[in-house]
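# Structural overview
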Amino acid sequence: MKIPFTKMQGLGNDFVVLDGVRQSISLSAEQIRRLGDRRFGIGFDQLLLVEPAREAGHDFRYRIFNNDGSEVEQCGNGARCFARFVHDQHLTDKAEIRVETARGVIVPKLEADGLVSVDMGSPRFIPEQIPFLAEADAIIHPLEVAGRTIDLTVVSMGNPHAVQVVDDVDTAPVTAIGALIEAHPRFPARVNAGFMQIVSRSEIRLRVFERGAGETLACGTGACAAVVAGIRRGLLDDTVLVHARGGDLTIRWQGDQSPVLMTGPAVTVYQGEIAL
Ligand SMILES: N[C@@H](CCC[C@H](N)C(=O)O)C(=O)O
């Protein structure tokens, strides 16, 4: 069976997007891994499956899979690509879309300037909500990794993030230490590991070793989590320009229960068909 797909990217974080509205699609973890293989398949960091909404008042549901086949709760760059996809495929003519994810409803909006902004919902910090094994809630949690102690701020943006501050993202050991943090036993569902360099109170540089995908050129939820972590640590103001290796995002957060707002690009690269 052949299925049509769209290849998209948000700041170089790349996706295969499938239309599960016009046809019913069900993929095994093994099929996702095969499609995600950059030599034997199409290749992507995440696969996005767009489906009809389950509840009245919502426009769509979308499911997110890492290229290791695991299904995840949330994806920031994916949310922007999802919005561009349903619009370009004429699945909706709404500029503001209410979409169900595994962790609640998010609201992407196509802006007049071509960017997409997304209300990503409120961040969560309580250790069980991450999930993270810790005795109490704290802004900084020391974690033993490879014989040294790293100060982490843990944040859930629907999916789990552990953010550390580094002097220079270019020399930070993102791959080696990121993999150890991702698989650390204190994160029972694994975690996305963020490495944040503070440039000023309104600008950071960020690299993220993603759970289930390795280091990507950008991570939208990672950018939200890093800015929230920086604000909680008293290092950042409420509007921050995030420089990832694949490009820039603007993140806004007013604190407490207010939602995190993300604005950035979403680009279609090509369309094709592939045999499952
Ligand atoms: N690239 C994404 C995050 C994708 C999911 C993540 N790897 C996880 O396992 O939680 C983004 O842009 O947010």
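In this text, all values refer to a predicted model and were calculated from it rather than measured experimentally. (Residues numbered from 1 in each chain as written. Predicted model: local features only at pLDDT ≥ 70, side-chain atom pairs only at ≥ 80, totals over all residues.)

This brings us to helix 3 (residues 174-182). Turning to helix 3, its buried residues are Val174, Gly178, Ile181 and Glu182. Within helix 3, the buried residues cover an arc of 100 degrees as seen down the axis, which keeps them to one side. Of the surrounding secondary structure, the elements contacted by the buried residues of helix 3 are strand 9 (141-145), strand 11 (160-165), strand 12 (192-200), strand 13 (203-210) and strand 14 (214-216). (Buried ≥ 20, exposed ≤ 12 C-beta atoms within 10 Å, placed from the backbone. Helix = DSSP H or I, 4+ residues; strand = E, 2+ residues; numbered from the N terminus. Arc of directions from axis to C-beta. Contact = placed C-beta atoms within 7 Å.)

A separate point is the site of the ligand. Looking at the ligand, there are 20 residues lining it, with Asn77, Asn159, Arg211, Gly220 and Thr221 nearest. Looking at the shell around the ligand, the elements that each hand over two or more residues are helix 2 (76-88) and helix 4 (220-232). Broken down by class, the residue content of the shell around the ligand amounts to four nonpolar, 13 polar and three charged. Both of domain 1 (2-116 + 265-275) and domain 2 (127-258) provide at least three residues apiece to the shell around the ligand. (Near = placed C-beta within 6 Å. Nonpolar A, V, L, I, M, F, W, Y, C, P; charged D, E, K, R; others polar. Domains from an automatic or database assignment.)

Of note, Ala183 is situated in the loop between helix 3 and strand 12. Taking the C-beta count within 10 Å as the criterion, Ala183 has 12 such neighbours and is therefore assigned exposed. A C-alpha to C-alpha distance of 8.4 Å links Ala183 and Arg211, two positions 28 residues apart in sequence.

In this section: unusual backbone geometry. The omega angle of the peptide bond from Ile130 to Pro131 is -5 degrees, so this bond is cis rather than trans. Note on placement: Pro131 falls in the loop between strand 8 (116-119) and strand 9. At Leu11, a residue that is not glycine, the phi angle is positive and equals roughly 60 degrees. Counting through the fold element by element, Leu11 comes out in the loop between strand 1 (2-10) and strand 2 (13-19). Look at Leu11 and you get buried, because 26 C-beta atoms sit within 10 Å. Residue His90 is not a glycine yet carries a positive backbone phi of 60 degrees. Look at His90 and you get exposed, because 7 C-beta atoms sit within 10 Å.

Segmentation of the chain into domains returns domain 1 (2-116 + 265-275) and domain 2 (127-258). The C-alpha-based centres of domain 1 and domain 2 are spaced at 24 Å. Across the boundary between the two partners, domain 1 contributes 21 residues, which contact 20 residues of domain 2. Here the side of domain 1 that touches domain 2 takes three residues from helix 2, the largest share from any one element. Residue composition of the side of domain 1 that touches domain 2, grouped by class: five nonpolar, twelve polar and four charged.

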